[in-house]
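Observations on the three-dimensional arrangement
One-letter residues, chain by chain:
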Amino acid sequence: MLLALTVLIAQQLGPTLPPWTSEHIHAVNRTVQSALADGRFEEAAKALATWPDGRIGYKFVKDAPPEATALGAAAEKFWRGASNGALLFERSEDALIEIEFIESAPAGDPEPVWEKGKILARIPLTFGTQGQRSSEKSLLHGVLRAFGFAAGLAPSHYRGNVMGIDDRLPFITEPELQPKEKEALDRILAARKRLAAATSDRARIIAAAPRLVIEPIELDAGNVTTGMVAKYTVTIRNAGNAPVEFVPELTCRCLYLDPIHELAPGESKTIEPGIDTNGIIGPVHKSILFHTNDPSDLHQELKLHVNSVPEYRVLPADVMRVTLSEVGATSAHFILYATPGNPIQVKEAIPSRPGLEVSIEPWVGEILDPLYDTQPVRRLGYKVVATFPADFPTGIDWVSIAIRTDSRRQPIYQATMQVQKGIVAQPKSFYFGGVEHDKEATRSVELSHGSQKFSILSANVEGGPFTVAFQKLDDDGKKYKITVTYKGSEPGGLAGKVILKTDHKGGEEIVIPIGGTAK
Amino acid sequence: MKSPLRLLALCAVPAAFLASPDSEPDLTVLFTGDIRGYLSPCGCSKPQIGGLLRMASVIRGLKSAPNTLFVDLGNWTQATGRQDELKADAIAETFASLKPDYLNVGPLDLQLSEGQLASLAEATKGALDSSNAILPGVLANREGRDVAGKVWIQGLVPDGAARATVTPPATVLSPRSDRAHIVLFAGPKDAAFRLARSLGPGSLLIYSSQGDPTRTPDIVGGATLVSLGDKGRYVGKATRTNGKWEIAFLELGPERPDDHEATTAYRSYLNRVGEERLLAAMPRLQKGTLFVGSAVCGGCHVKEYNVWLKTAHAKALTTLEKTGNDKDPECVGCHVVGLTYREGFMDKSKTPDLAHVGCESCHGAGGKHVRNVSERASVHADATSCASCHVPEHSPGFDFQKYWEKIKH
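Note that the structure is predicted; figures quoted are calculated from it, not measured. (Residues numbered from 1 in each chain as written. Chains lettered and ligands numbered in written order. Predicted model: local features only at pLDDT ≥ 70, side-chain atom pairs only at ≥ 80, totals over all residues.)

The subject of this paragraph is the overall build of chain A. Helix and strand content of chain A: 6 helices and 36 strands. Taken against the 2.2 N^0.38 rule, which gives 24 Å for 519 residues, the C-alpha radius of gyration of chain A at 34 Å runs more than 25% over that of a compact globule. Along the three orthogonal principal directions, the C-alpha set of chain A runs to about 105 × 65 × 40 Å. For chain A, the proportion of its 519 residues judged to be buried stands at 41%. (Helix = DSSP H or I, 4+ residues; strand = E, 2+ residues; numbered from the N terminus. Rg over C-alpha atoms; globule rule 2.2 N^0.38 Å. Buried ≥ 20, exposed ≤ 12 C-beta atoms within 10 Å, placed from the backbone.)

This brings us to the overall build of chain B. Helix and strand counts for chain B come out as 17 helices and 14 strands. A principal-axis box enclosing the C-alpha atoms of chain B has dimensions of 80 × 55 × 35 Å. Burial analysis of chain B (409 residues in total) assigns 53% to the buried set.

Residue and element names in this part refer to chain B. With 16 residues, helix H4 (residues 82-97) extends 23 Å between its outermost C-alpha atoms, agreeing within 8% with the 22 Å of an ideal straight helix rising 1.5 Å per residue. The buried fraction of H4 is high, at 16 of 16 residues. Residue Lys99 follows H4 closely and has a positive phi angle near 50 degrees. (Expected span 1.5 Å × (residues − 1).)

What follows covers the confidence of the model for chain A. Averaged over every residue, the pLDDT of chain A is 88; the share at 70 or more is 92%. Overall, residues 166-172 of chain A carries pLDDT values under 50, and its contacts beyond four positions in sequence, including any with other chains, amount to 15 contacts. (pLDDT = per-residue confidence, 0-100. Contact = placed C-beta atoms within 7 Å.)

What follows deals with the nonpolar core. Grouped together as the largest cluster of nonpolar side chains are 104 residues, with contacts concentrated most on Leu184, Phe185 and Leu205 of chain B. Ranked by the residues each element gives to this core, the list is headed by H4 of chain B, at 7 residues. Of the residues that make up this core, three or more belong to each of domain 1 (25-269) and domain 2 (281-407) of chain B. Beyond its immediate stretch of four places on either side in the chain, Phe185 of chain B contacts Leu156, Pro169, Ala192, Leu195, Leu205, Ile206 and Tyr207 of chain B. Among the nonpolar cores identified, the runner-up in size contains 53 residues, and Phe60, Phe101, Ile119 and Leu153 of chain A belong to it. (Core = buried A, V, L, I, M, F, W, Y, C linked by C-beta atoms within 7 Å. Domains from an automatic or database assignment.)

Looking now at the domain arrangement of chain B. Segmentation of chain B into domains returns domain 1 (25-269) and domain 2 (281-407). Using C-alpha coordinates to define each centre, domain 1 of chain B is positioned 39 Å away from domain 2 of chain B.

So, about the sheet that holds strand S30 (residues 430-435) of chain A. All names here are of chain A. Taken in spatial order, the 4 strands make up an open sheet running S30-S36-S35-S32, and their pairing is mixed. Strand pairing shows two members of the sheet lacking a second neighbour, S30 and strand S32 (456-462), which therefore form its edges. Direction aside, neighbouring strands of the sheet carry axes that sit 15 degrees apart on average. Alignment of S32 against strand S35 (residues 492-502), held across 6 bridges, turns out to be antiparallel. Paired with Ser458 across the bridge in S35 is Lys501. (Pairing = 2+ DSSP bridges. Axes fitted to C-alpha atoms, helices over the stretch in contact; angles between N-to-C directions.)

All names here are of chain A. When the terminal C-alpha atoms of helix H4 (residues 68-82) are compared, their 21 Å separation across 15 residues agrees well with the 21 Å that a helix rising 1.5 Å per residue should span. Inspection of H4 places Leu71, Gly72, Ala75, Phe78, Trp79 and Ala82 among the buried residues, and these make up the whole buried set. When H4 is viewed along its axis, its buried side chains cluster within an angular range of 125 degrees and face the same direction. Opposite the buried face of H4, at more than 90 degrees from it, the exposed residues are Thr69, Lys77 and Gly81. Taken together, the buried residues of H4 touch strand S2 (54-61), strand S3 (87-91), helix H5 (136-150) and helix H6 (179-201). Asn84 sits one or two positions beyond H4 and adopts a positive phi of about 55 degrees. (Arc of directions from axis to C-beta.)

Bringing the packing of helix H2 (residues 23-38) of chain A against helix H3 (residues 41-48) of chain A into the picture now. All names here are of chain A. Where H2 meets H3, the axes come as close as 8 Å, and the angle between the chain directions of the two elements is 165 degrees. By the criterion of interaxial angle, the relationship of H2 to H3 is roughly antiparallel. In the crossing of H2 with H3, the sense of the turn from one axis to the other is left-handed. Here Val28, Thr31, Val32, Ala35 and Leu36 of H2 lie close against H3, whose contacting residues are Glu43, Ala44, Ala47 and Leu48. By residue class, the composition of the contact of H2 with H3 is 7 nonpolar, 1 polar and 1 charged. (Parallel < 35°, antiparallel > 145°, perpendicular 65-115°, else oblique. Left-handed = near helix turned anticlockwise from the far one by under 90°. Nonpolar A, V, L, I, M, F, W, Y, C, P; charged D, E, K, R; others polar.)

Right, let's get into the sheet that holds strand S12 (residues 223-227) of chain B. Residues and elements named next belong to chain B. Across the sheet, which stays open at both edges, the 6 strands sit in the order S6-S7-S9-S10-S12-S11 with mixed pairing between neighbours. Every interior strand has two partners, whereas the edge strands, strand S6 (145-147) and strand S11 (218-220), have only one. Across the sheet, the axes of successive neighbouring strands diverge by a mean angle of 25 degrees, strand direction being ignored. Pairing analysis gives 6 bridges linking strand S7 (residues 151-156) to strand S9 (residues 180-185), with the strands arranged parallel. Looking across to S9, one finds that Ile153 is bridged to Ile182.

Only a minority of non-glycine residues have a phi that is not negative, and only a minority of peptide bonds are not trans. Cis peptide bonds are those with omega within 30 degrees of zero, and the linkage from Glu215 of chain A to Pro216 of chain A qualifies with -10 degrees. Of note, the bond from Gln426 of chain A into Pro427 of chain A is cis; its omega dihedral lies within 30 degrees of zero at -5 degrees. For Lys116 of chain A, which is not glycine, the phi dihedral falls at a positive 50 degrees. Considering the arrangement of structural elements, one finds Lys116 of chain A in the loop between strand S5 (113-115) and strand S6 (118-124). At Ala79 of chain B, a position not held by glycine, the phi torsion is positive, near 55 degrees.

Moving on: the environment of Val346 of chain A. Residues and elements named next belong to chain A. Here Val346 shows up in strand S24 (residues 346-351). By the C-beta count within 10 Å, which is 20 here, Val346 ends up buried. Here Val346 is in contact with Leu336, Ile360, Tyr382, Ile403 and Thr405, once residues within four sequence places are set aside.

Here we come to the packing of H4 of chain B against helix H5 (residues 114-123) of chain B. Residue and element names in this part refer to chain B. As a packed pair, H4 and H5 sit with axes 9 Å apart at the nearest point and diverge in direction by 20 degrees. Relative to H5, the element H4 is oriented roughly parallel. The two elements H4 and H5 meet at a crossing, and its hand is right-handed. Along its contact with H4, which presents Glu85, Ala88, Ala92, Glu93 and Ala96, the element H5 presents Gln116, Leu120 and Ala123. By residue class, the composition of the contact of H4 with H5 is 5 nonpolar, 1 polar and 2 charged.

Residues and elements named next belong to chain A. Within S30, 5 of the 6 residues are buried, leaving the element largely enclosed by the surrounding structure. In this sheet, strand S36 (residues 509-518) lies alongside S30 in parallel orientation, the contact comprising 4 bridges. In the sheet register, Phe430 faces S36, and the bridge partner there is Ile514.

Residues and elements named next belong to chain B. Per-residue pLDDT for chain B has a mean of 87; in total, 91% of the residues score no lower than 70. Here residues 1-21 scores under 50 on pLDDT; set against residues more than four positions off or in separate chains, the count is 55 contacts. Note on the complex model: pTM 0.84, ipTM 0.81.

Attention now moves to the pairing of S36 of chain A. Sheet analysis places S35 of chain A next to S36 of chain A, joined by 10 bridges and oriented antiparallel. Across the sheet, Gly493 of chain A pairs through a bridge with Thr517 of chain A, a residue of S36 of chain A.

Residue and element names in this part refer to chain A. Structurally, Lys77 can be placed in helix H4. For Lys77, a count of 11 C-beta atoms within 10 Å corresponds to the exposed category. Linking Lys77 and Phe89, residues 12 residues apart in sequence, is a C-alpha distance of 8.4 Å.

With that settled, consider the environment of Met55 of chain B. Residues and elements named next belong to chain B. In this fold, Met55 is placed in helix H3 (residues 52-63). Classification of Met55 by C-beta neighbours within 10 Å gives buried; the count is 30. With sequence-adjacent residues up to four places away left out, Met55 is seen in contact with Thr32, Gly232, Val235 and Leu252.

Structural data, given as structure tokens:
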């Protein structure tokens, strides 16, 4: 008993790794330490063999560019210096690292990966839409990153960085490890050295197990007035036996978090993350990712929710569509209503068009707004009435009304209305985009009148290899589908127009342009 | 802030230890959704992430792998005007070139006109569809889409979506035991969770949300639920191995190349925005507000004017000209003076003095002050003057004290 206790006291805690370590090395570290803790030394040695060290072979596969040899030599020198001679990369046929130069950047994960016991790295020779050739520095970065990954560092997926430090560098910089990267590398090398010594000495260790616990891991702030900061209270603690380190990743500048990055074993702290709801309306989900050195959970996600509720809303919330009379003025209205507890006053309403008149009157009524409630609720608000003059232009248009209120957070609301008068085409043109020049393609437009039926007397097309056809879409004769077919021709721009004759007074001739490109 | 470990966090397994032939994935689903008009990278983070051009390059590169599908959840734009129609055209053109397996219609898409939706369905060769938003003559309204006898995809909108007749989503669901069931539900999380109870084990349900992706997917009744967040910042990648889904989110950072086809579509979009003169056609307020331009202010306020000339504000519109966004109403407002007013910036030839962010952008229209110097500027400029443009969305690093030093006058 006493002997066992003495042995236990003599045992040392295994090394921890920084959060910037690659997942592979984290996994090896964990396996080796578990094996050493249990006295399974052969198993520890076997696992440790997959942690690259000393002389590390690399080779260029497939068609490497002529400068590859020089790039390899430069990267060898770089990492030899960065590791103080501990890592010696060398060309070898039986290589751990296989580097492939590819024509353009890969679409998926552009990082080096461990695959079947080897590291595969792909380096694009070109970039951008015009296929510009990657600079030599850029290619060198690719090789450096492949070697750095073998050294155990987690890569940044930003090509301008050597490895994964949290400030993105300008794309073209002299390769240089930042202090944090250097510190991480030194720790990784030191950790491997300690584990190798323990394995060869058959010395047991206590497996280091930093353990970050975030409680709760998901929080909902409920309804928060738009513009306010939603605040949360979260406890973070280290339930492990070694210092836990973490790097929180904030996905946008609307997130706030206390600057804490490390907890000692048993230590617990309260943090107060927040979401600035300025510019957000409705339910929103935000995550803070904690990249840790906790081997049981390297990336933890703190989920934060909030329902950002504006001080007032406008009904209908969507774009209001108004069909104007062709013989007289037309009125349309919307309701502006306040959130309970946020009384507001409308100061004025300013229309965006001359001739458009706007009036405001107090309003009371029941509204079901799913942003706030599940049942209709009696609300106080204003009715804003827009009156369009009889001479408002024919066609389709958007107008807006700016409503000025006494709300501090949302002083102006701009209500948008889509107005249509007479016969209108939607969309406004036959847009083919980029079509294959030798293949047939069709596009259609809906021709409609908001209130009256009409007949199409003729449909003709001018310019380009097009044909036109139309069909009635409803029984009333207020809606037609006009279809233009591109018959195929030489590559180049597509231009033309469809001319429709109708029996509708004021809309006797409708012209709809055709556009696009034949590739 | 960047995310160096994110891909590893979600994709990489220590392959040297774990890979074995019987654990190879048999199906990969690339998914996008809730782009909501963000064709360009979102300015909400530094560096900016997202954008149609990067999105397309990722999908095109990965889709060539065997058993790989591409689907979209819908909500392409905010559907509030002509510009959104043009954006939808660009998205349709880009997606069509990626040979999508299903493009779901979302509630925001249903706010577009039926004619526009029909045109988009044609442009995507019928891939744009819905299982429960019934629009005869516009959408094919298939019950679902069978892909190679292996996958059954259904696209749904939530109850209450505008315009279309919407069949309740739960009544449309038709899991097939011999197919991988993928449900694209353009509705919120709580409704998605209710819907998931009707799904079979091994199903994948992708739902709509604002904010970030659900990196840790939820499992409800054996179905895997996942959401991508909004603004087109990620491409989702669901990989099925031994009946289980593993979810990864590929961040569309600046290291991603631009896709050639998407670039063409995006340039066409910008050209159309210019050709249709959307800047001139945008609704403007009639307020009798008289802007005079910074040069007039500089006539008396010489020292301040000379400081301004050396700031980035004095070149604000030039920045947009370089990227081709100088005719885009969504961008120009924060790069000129008084765009939302009838008397404000129209274009560089008509109102050259109102180009760039000028004195009146912060101090308000100077017309009254010029006529009568005893009348003060209409706006007292302070930190709140900056806030309308320097929002987290477009100016994520904004700090008034630091930025003020750059323009101090």
